[in-house]
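# Architecture at a glance
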Amino acid sequence: MKLTFLGAAHEVTGSSTLLEAAGKRILIDCGMEQGADIYENCDLPVSAGELDAVLLTHAHIDHSGKLPALVAQGYRGPIYATEAARRLCQIMLRDSAHIQEFEAEWRNRKAQRAGEPPYVPLYTMRDAEAALSQFVGCDYDAPVEIFPGVTIRFSDAGHLLGSSSILVTAAEEGESRSVLFSGDLGNTERPLIRDPQPAPSADYVVIESTYGDRLHGERPDYVNQLAEIIQSTFDRGGNLVIPAFAVGRTQELLYLIRTIKERGLLRGHEDFPVYVDSPLAVEATKIYADDEAMKPYYDAETLQLLAQGINPIAFPGLRTSVTSAESKAINFDNTPKIILSASGMCEAGRIRHHLKHNLWRKESTILFVGYQSEGTVGRKLIDGADTVRLFGEEITVEAHIESLSGISGHADRDQMLSWLASIPQKPRQVFVNHGDDQVTDRFAETIEKTLLIPSAAPYSGDGYDLLTGQCIARGRIVRATKLTDGRRRANAAFERLTQAGKRLAAIIAASRGLSNKELARFTDQINALCEKYRTK
């Protein structure tokens, strides 16, 4: 029984962990890296086709974004997730595939003009559709036996609609072990969704550490704090631009803005417009508004509003932008307005256009409402950058840069410690991942000192025997280097070739028992391929 750490090891994004138990290989999350890449991640040690199951903690791209690539590489098994996560992935993975294809088209136009090799997208819309067909929806608190001797159970992690912690229990060699994957743990008392459930007992716990060295502080009055920022911005005649993740954070902000309008907290700007400028956010908002299907995921206050016939995320003045023309028109309207647009860290999407039009304006405000990874445009703005580069142009920062304190979707250090302390029986060991490089180490030390539980912060490639509790493999700690477009194209193509090779090796291993005639034909085909591409 073995646990191997692959992604989000001493990094915040790209979550992926491999569990081998009861003769099965189970991948927990398959996320895409976002923002600065700190370390090189180890490859999946088996071919995608040799995996038996995938478990998904929630729909955010840094946990789900490489699922279509996994399917493109030969994975054909089930992808277990909550029903809400499955619904959200239907829009998020399609959106990600569209971005992959659009970027490939754009890069290939440049490559063709420069006489360079074509750019291969990480995956296509066809791959995303195939991945979505493999999802299996699960309910909270309902044990599911996915293989003989292997049971999973989802519990509410309180981070996003349908987010979960996943308990995996497996029997092997006459012994049973359980591993609890925290997923992303949510902050408490947030709009729309419930607080994280108390953690169940487990032999081992893999816990995130996004805010492992920080506290959110005393809970602020979100509504009045946001109302004051809107008031001061509109009084100056500016726009309030809010970079927000399309799924989760956008809907929470709509909830707060509805409350502000309902209470009449603004003076002189009562009918202000609010633009949701993200096709993905528009689709996600429709899912959040599907109250019958989403009822199991809402908190008590939201359920009470729905019972009164009130849509908790709709109000007069709410406008949505889907087409590119609608998005561009927003910046030609001089009326002070709120613009909600993705991505939340300003690394891609329409938000970059809105920043270009508003960063240089002293009367405007850029409001951050979530975590900003190192190296992102969002982090640079929060850290006080005088200029940022957008679309090849240096943009002067004259706008007010604000943060809505305490509204993070992640639990802070003490909330994560409380979640661990709620486990009825102390775990054998805790593994810390999904945090900045030094934060993972500091949080592991904090857990040991505070809760007296042995803890470690593994690097990518580190492996642990869950029967003995011993570390049995050490990964290579290699700092990531910034790649040129040419190197990135070559690496992506070579990665696809490597995965194809692993898939072929698995097929060869499974070919024992075929007739001599079939084996001979198969061998001839492989040899012909080798002859064609052998190194001269």
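## Here's the deal with the overall build of the chain
Looking only at helices and strands, the chain features 16 helices and 23 strands. The C-alpha radius of gyration computed for the chain amounts to 24 Å, which stays within 12% of the reference 24 Å derived for 536 residues, consistent with globular compactness. Counting only C-alpha atoms, the chain reaches 85 × 65 × 40 Å along its principal axes. Contacts in the chain between residues at least 24 apart in sequence constitute 74% of all its contacts with a sequence separation of at least 6. Looking at the chain as shown, the accessible area adds up to about 23,600 Å², and 50% of this sits on carbon and sulfur atoms. Where the 59 positive side-chain charges of the chain centre and where its 71 negative ones centre are 6 Å apart.

## Section: the sheet that holds strand β23 (residues 471-473)
Ordered in space as β6-β5-β4-β3-β2-β1-β22-β23, the eight strands form an open sheet in which the pairing is mixed. Lying at the two open borders of the sheet, with one neighbouring strand each, are β6 (135-138) and β23. The average angle at which neighbouring strand axes cross in this sheet is 25°, direction not considered. Where strand β4 (residues 53-55) meets strand β5 (residues 79-82), two bridges bridge the pair, whose relative direction is parallel.

## Focus: the sheet that holds strand β15 (residues 338-341)
Overall, parallel pairing links the six strands, which are arranged β14-β13-β15-β12-β16-β19 in an open sheet. Because the sheet does not close on itself, it has two edges, and the strands there are β14 (318-321) and β19 (400-403). Neighbour to neighbour, the strand axes of the sheet diverge by 20° on average, direction disregarded. One ladder, built from four bridges, connects strand β12 (residues 240-243) with β15; its direction is parallel. Looking across to β15, one finds that V241 is bridged to I339.

## Digging into the pairing of β5
Both faces of β5 are covered, namely the face carrying I79 and A81 and the face carrying Y80 and T82. For β5 and β6, the ladder comprises four bridges, and the chain directions are parallel. Directly across from Y80, in β6, lies its bridge partner V136.

## Structural notes on the packing of helix α6 (residues 249-263) against helix α7 (residues 279-288)
In contact at an axis separation of 9 Å, α6 and α7 are set at 65° when each is read in the N-to-C sense. When the interaxial angle is binned, α6 and α7 end up roughly perpendicular. Read as a crossing pair, α6 and α7 show a hand that is right-handed. Along its contact with α6, which presents T250, Q251 and L254, the element α7 presents A281, A284, T285 and Y288. Residue classes in the contact of α6 with α7 are distributed as four nonpolar, three polar and no charged.

## As for the nonpolar core
Counting residues in hydrophobic clusters, the biggest one holds 107 residues, and the most contacted among them are I338 and L340. Tallying contributions element by element places helix α3 (residues 83-114) first for this core, with eight residues. Ranked by size, the runner-up nonpolar core spans 21 residues in total, among them L167, A199, V205 and I207.

## Here's the deal with the packing of helix α5 (residues 222-235) against α6
Between α5 and α6, whose axes approach to 10 Å, the crossing angle comes to 80°. Judged by the angle between their axes, α5 and α6 are roughly perpendicular. Of the residues in α6, those touching α5 at Y222, V223, L226, A227 and I230 are L256, I257, T259, I260 and R263. Residue composition of the contact of α5 with α6, by class: eight nonpolar, one polar and one charged.

## Regarding the confidence of the model for the chain
The predicted structure's coordinates, where accompanied by low pLDDT, should not be read in detail. On average, the chain scores 91 in pLDDT, and the residues at 70 or more come to 96%. Low confidence marks residues 483-490, where pLDDT is under 50. Its contacts with residues over four positions away, or in another chain, come to nine contacts.

## Examining the environment of L44
Summarising the element assignment, L44 is placed in the loop between β3 (24-28) and β4. Judged by relative accessible area, which is 12%, L44 ranks as buried. Distance from L44 to G186, taken between C-alpha atoms, is 28 Å for residues 142 residues apart in sequence. Setting aside residues no more than four positions away along its own chain, L44 makes contact with L6, L27, L51, L70 and K502.

## As for the pairing of strand β17 (residues 387-390)
Burial along β17 is one-sided: V388 and L390 are buried, and none of T387 and R389, which face the opposite way, are. Of the pairings in the sheet, the one linking β17 to strand β18 (residues 393-396) comprises four bridges and is antiparallel in character. The residue bridging T387 from the neighbouring strand is T396, located in β18.

## Let's talk about the packing of aromatic side chains
Within a pair of aromatic rings, the relevant descriptors are the distance that separates the centres and the angle that separates the planes. Throughout the structure, instances matching the rule amount to seven aromatic pairs. Each ring, one from F5 and one from Y464, has its centre 6.2 Å from the other, and the planes form 90°; the classification is edge-to-face. Taken as a pair, F5 in strand β1 (residues 2-7) and Y464 in strand β22 (residues 463-465) lie far apart in primary sequence, 459 residues in all. As far as the burial class goes, F5 and Y464 line up, both buried. Plain terms: the ring middles of Y39 and Y459 are 5.6 Å apart, the flat faces sit at 90° to each other, and that makes the pair edge-to-face. Of this pair, Y39 sits in the loop between β3 and β4 while Y459 is found in the loop between β21 (455-456) and β22, placing the two residues 420 residues apart along the sequence.

## Points about the side chain of E208
Its location among the elements puts E208 in strand β11 (residues 204-208). Among buried Asp, Glu, Lys and Arg side chains, E208 stands out as unpaired, with R214 the closest opposite charge at 8.8 Å. Setting aside chain neighbours within four positions, we find E208 in contact with S182, G183, D184, L185, H410, M416, N433, H434 and F443.

## Thoughts on a nonpolar patch on the surface
Side chains of L504, I507 and I508 sit close together on the surface and give an oily, nonpolar patch of about 230 Å² of accessible area. By secondary structure assignment, the location of I508 is in helix α15 (residues 485-509). Given the relative accessible area of 43%, I508 is considered partly exposed.

## Focus on the pattern of salt bridges
In a structure, side chains of opposite charge can pair up when their charged atoms sit close to one another. Under the counting rule described, the total for this entry stands at 23 salt bridges. Salt-bridge contacts for R194 lead to D156; the nearest nitrogen and oxygen are separated by 3.0 Å. Of this pair, R194 sits in the loop between β10 (175-181) and β11 while D156 sits in strand β8 (residues 150-156), and the two are 38 residues apart along the sequence. For D156, a relative accessible area of 4% translates into the label buried. One salt bridge connects R479 with D437, and the closest N-O pair in it is separated by 3.2 Å. One end of the pair, R479, is in the loop between β23 and α15; the other, D437, is in helix α14 (residues 437-451), with 42 residues separating them in the sequence. Residue D437 is classed as buried on the basis of its relative accessible area of 18%. Linked by salt bridges that have partners in common, R190, R249 and E252 make up one network.

Calculation notes
- Residues numbered from 1 in each chain as written.
- Predicted model: local features only at pLDDT ≥ 70, side-chain atom pairs only at ≥ 80, totals over all residues.
- Heavy atoms only, no water.
- Helix = DSSP H or I, 4+ residues; strand = E, 2+ residues; numbered from the N terminus.
- Rg over C-alpha atoms; globule rule 2.2 N^0.38 Å.
- Contact = heavy atoms within 4.5 Å.
- Areas by Shrake-Rupley, 256 points an atom, 1.4 Å probe, with all protein chains shown as cover.
- Lys, Arg positive; Asp, Glu negative; His and termini not counted.
- Charge placed at Lys NZ, Arg CZ, Asp CG, Glu CD.
- Pairing = 2+ DSSP bridges.
- Axes fitted to C-alpha atoms, helices over the stretch in contact; angles between N-to-C directions.
- Buried < 20%, exposed > 50% of the residue type's maximum accessible area, 1.4 Å probe, protein only.
- Parallel < 35°, antiparallel > 145°, perpendicular 65-115°, else oblique.
- Left-handed = near helix turned anticlockwise from the far one by under 90°.
- Nonpolar A, V, L, I, M, F, W, Y, C, P; charged D, E, K, R; others polar.
- Core = buried A, V, L, I, M, F, W, Y, C linked by side-chain atoms within 4.5 Å.
- pLDDT = per-residue confidence, 0-100.
- Phe/Tyr/Trp six-rings, centres within 6.5 Å; stacked < 30°, edge-to-face > 60°.
- Salt bridge = Lys/Arg side-chain N within 4 Å of Asp/Glu carboxyl O.
- Patch = residues over 30% accessible without salt bridge, like charges linked within 9 Å, V, L, I, M, F, W, Y side chains within 5 Å.

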